Amino acid sequence: MKLSYMLIDENDLDRFVVRKVIEQTDDRFGNIKTMNNARDALKDIETKSEETNDITLIFLDLYMPLINGFQFVQEFEKLPSFVREKYLIYALTASIDHNDHSRMMRFDSVRDIVEKPLTKSKLTGILQELDTVTK
Amino acid sequence: MPTKINILYIDDEPENLVGFKATLRMDYQVFTASNIPDALAHLENNPDIRVVFCDQRMPGITGVEFFEQICTSYPLPVRILLTAYNDIGSMIDAINKGNIFRYVTKPWNEAEVVSAIEEANKFYLANSMLLVKNDELQKAYNELNKFAYSVSHDIRGPISGILGAIDVARGIDDLQEVKEMLYLMEKSLKKLDAYVISMHDYYNLQRGELHIDSIDFNKIIEEMKAIYNVVSMVKGVNFTAVVKQNEVFRGDEVPIKLILNNLLSNAFKYQDKNSKNKSVDVCIEVENNMVTIHVKDTGIGILGTHVGEIFNLFYRANSQESGSGFGLYNVKSALLKLNGQIEVSSVMHKGTTFKVNIPSV
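Quick caveat: nothing in here was measured; it's all calculated off a predicted structure. (Residues numbered from 1 in each chain as written. Chains lettered and ligands numbered in written order. Predicted model: local features only at pLDDT ≥ 70, side-chain atom pairs only at ≥ 80, totals over all residues. Heavy atoms only, no water.)

Across the contact, 23 residues belong to chain A and 26 residues belong to chain B. A combined buried area of about 2100 Å² lies between chain A and chain B, and 58% of that area is made up of carbon and sulfur atoms. Considering only the surface of chain A that becomes buried against chain B, A:Leu13, A:Phe16 and A:Tyr63 emerge as the three largest contributors, covering 26% of it. Where chain A touches chain B, the interface holds 3 salt bridges. Between A:Glu115 and B:Arg156 there is a salt bridge, with the nearest N and O atoms lying 3.1 Å from each other. (Contact = heavy atoms within 4.5 Å. Buried area = accessible area lost by both parts, 1.4 Å probe. Salt bridge = Lys/Arg side-chain N within 4 Å of Asp/Glu carboxyl O.)

Below, the structure written as structure tokens:
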């Protein structure tokens, strides 16, 4: 399956790492959008989701100023379903707090939680799982 | 002379009230009430009442019942029952329930009442101290929770980023790209380093003692200039500093520098990148045993809804620059130690001014 990506993380290095892991792992990706805050990401999803038919995989950090990952998902879930179904949300976090994890997994639209750093094998795992689901 | 201990005496026989007050009013501040509503009004209006005496036989209610009633709404005053009856059963019951501290039999004698008051006062003080300590502990626990939270974001965050980068770098051959990564890794490590230093400041402010000495603000501002002139040049921000000090100021230099350092660092950090006339102005005035510090910037400003929260631990109002959320919290803690005050006025896209007042010791 051909995927596009959106990285929502305030940290430059983390965005760089995720981009590199995608480039090194997924040989058929569409494009990669990087957002340094969740508010801009929401705006982008609200206004530009019709520009493409690609499914976009979102890597979402949890702790960011302005809007954190939890608030982002809350707002995301208010969007119409034809917008939501174009996105797959994975929380990507350095947090090892159990409460953070269970709080995030309570959202229907969060597919899974990935512990930072993202690596080739972690991304390969996600892609394989998505392939089996969509086949 | 220490202030008198406030006590309340409740009895439905007026002559008892008069006798009690006449005997004790020299040494104690005595409030009296002949009925329950009056007693409650005294408790409500005088939160510093430490000891309450109540007669067991009140119309419609026993003293034990009255104490049971007030022990949750007014938990602090120590309760002593006055009784003429040898009603051992209800007495034992009341003591066991913890509703009364002691009982004094009627007719009472002065020595017995005074000893009861003194013992009750000691108990009251110990209890109050415990409450204060409890509050402090609760606060410390809350902050510890926040720390546990921030440890995963501010410490584990950079570490996992760098581990990820090392992993990714193994598959990159382009030297230019590797260099770009090294730059980002360095930035992450510097942030982690700044976090550890702020944490150390935080600890010192919470636990350290004050070291009072006379302070030369001209010297302090020279040190600040040495640090910030470089930033000012690199970022193209005009930096002015004025000091007016014609009198001796005594205080602790370390927290004062910490305050200045944090406010200046923020003033340079949160500049409007698109603005042409960027400036940071510091003005320090010592007058009438008080120093007033103004730190004024032409930065991005703080949104009105965030102003109330910027002094909270780990609060960050902005994503333009990566702060740790420690800075202004440490400023507030430092000011608390120095008995100082801080005010903020901010206009979005125009700038922010912090005004600090610190009294000389």
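Our focus in this paragraph is the sheet that holds strand β5 (residues 110-115) of chain A. Residue and element names in this part refer to chain A. Taken together, the 5 strands give an open sheet; going across it, the order is β2-β1-β3-β4-β5, and neighbouring strands pair in parallel fashion. Both edges of this open sheet fall to β2 (32-35) and β5, since each of them pairs with a single strand only. Neighbour to neighbour, the strand axes of the sheet diverge by 20 degrees on average, direction disregarded. Both strand β3 (residues 55-60) and strand β4 (residues 87-93) contribute to a ladder of 5 bridges, which runs parallel. (Pairing = 2+ DSSP bridges. Helix = DSSP H or I, 4+ residues; strand = E, 2+ residues; numbered from the N terminus. Axes fitted to C-alpha atoms, helices over the stretch in contact; angles between N-to-C directions.)

Turning our eyes to something else, we now look at the pattern of salt bridges. Should their charged atoms come close, side chains of opposite charge can pair. For the coordinates displayed, the defined rule picks out 23 salt bridges over all chains. Between A:Lys33 and A:Asp44 there is a salt bridge, and its shortest N-O distance comes to 2.9 Å. Of this pair, A:Lys33 sits in strand β2 while A:Asp44 is found in helix α2 (residues 38-48), placing the two residues 11 residues apart along the sequence. In this structure A:Asp44 comes out as buried when scored by relative accessible area, which is 7%. Between B:Lys225 and B:Glu222 there is a salt bridge; the shortest N-O distance is 3.8 Å. In this pair, B:Lys225 and B:Glu222 both sit in helix α7 (residues 217-235), 3 residues apart, roughly one turn of the helix. Owing to a relative accessible area of 47%, B:Glu222 belongs among the partly exposed residues under this scheme. Within this structure, A:Asp9, A:Asp14, A:Asp61 and A:Lys116 form a network of salt bridges that share partners. (Buried < 20%, exposed > 50% of the residue type's maximum accessible area, 1.4 Å probe, protein only.)

Before going further, it helps to spend a moment on the sheet that holds strand β13 (residues 341-347) of chain B. Residues and elements named next belong to chain B. A sheet is described by the order of its strands in space; here 5 strands give the open sequence β9-β11-β12-β14-β13, paired in mixed fashion. Either end of the sheet is taken by a strand with one partner, and the two such strands are β9 (238-245) and β13. Ignoring strand direction, the axes of neighbouring strands in this sheet form an average angle of 10 degrees. Judged from the 8 bridges that link them, β9 and strand β11 (residues 279-287) form a sheet pairing that is parallel. Its bridge partner being in β11, Gln245 is matched across the sheet by Val286. Where helix α10 (residues 327-338) meets the sheet, its contacts fall on β13 and β14 (351-359), and the angle it forms with β14 comes to roughly 25 degrees.

This part takes up a nonpolar patch on the surface. Taken together, the side chains of B:Ile88, B:Ile92, B:Ile95 and B:Tyr103 present a nonpolar region at the surface, about 340 Å² in accessible area. No other element matches the 3 residues that helix α4 (residues 88-96) of chain B contributes to the nonpolar patch. (Patch = residues over 30% accessible without salt bridge, like charges linked within 9 Å, V, L, I, M, F, W, Y side chains within 5 Å. Areas by Shrake-Rupley, 256 points an atom, 1.4 Å probe, with all protein chains shown as cover.)

Another aspect to go through is the domain arrangement of chain B. Here chain B is described as being made up of domain 1 (5-108), domain 2 (141-207) and domain 3 (213-359). In this structure, domain 1 of chain B and domain 3 of chain B have C-alpha centres spaced 55 Å apart. (Domains from an automatic or database assignment.)

Here we come to the packing of helix α8 (residues 253-269) of chain B against α10(B). Residue and element names in this part refer to chain B. Their axes nearest at 9 Å, the elements α8 and α10 cross at an angle of 150 degrees. On the basis of the axis angle, α8 is roughly antiparallel to α10. In this structure, α8 crosses over α10, and the sense of that crossing is left-handed. For the pair formed by α8 and α10, the contact residues are Pro255, Ile256, Leu258, Ile259, Asn262, Leu263 and Asn266 on the first element and Gly327, Leu328, Asn330, Val331, Ala334, Leu335 and Leu338 on the second. (Parallel < 35°, antiparallel > 145°, perpendicular 65-115°, else oblique. Left-handed = near helix turned anticlockwise from the far one by under 90°.)

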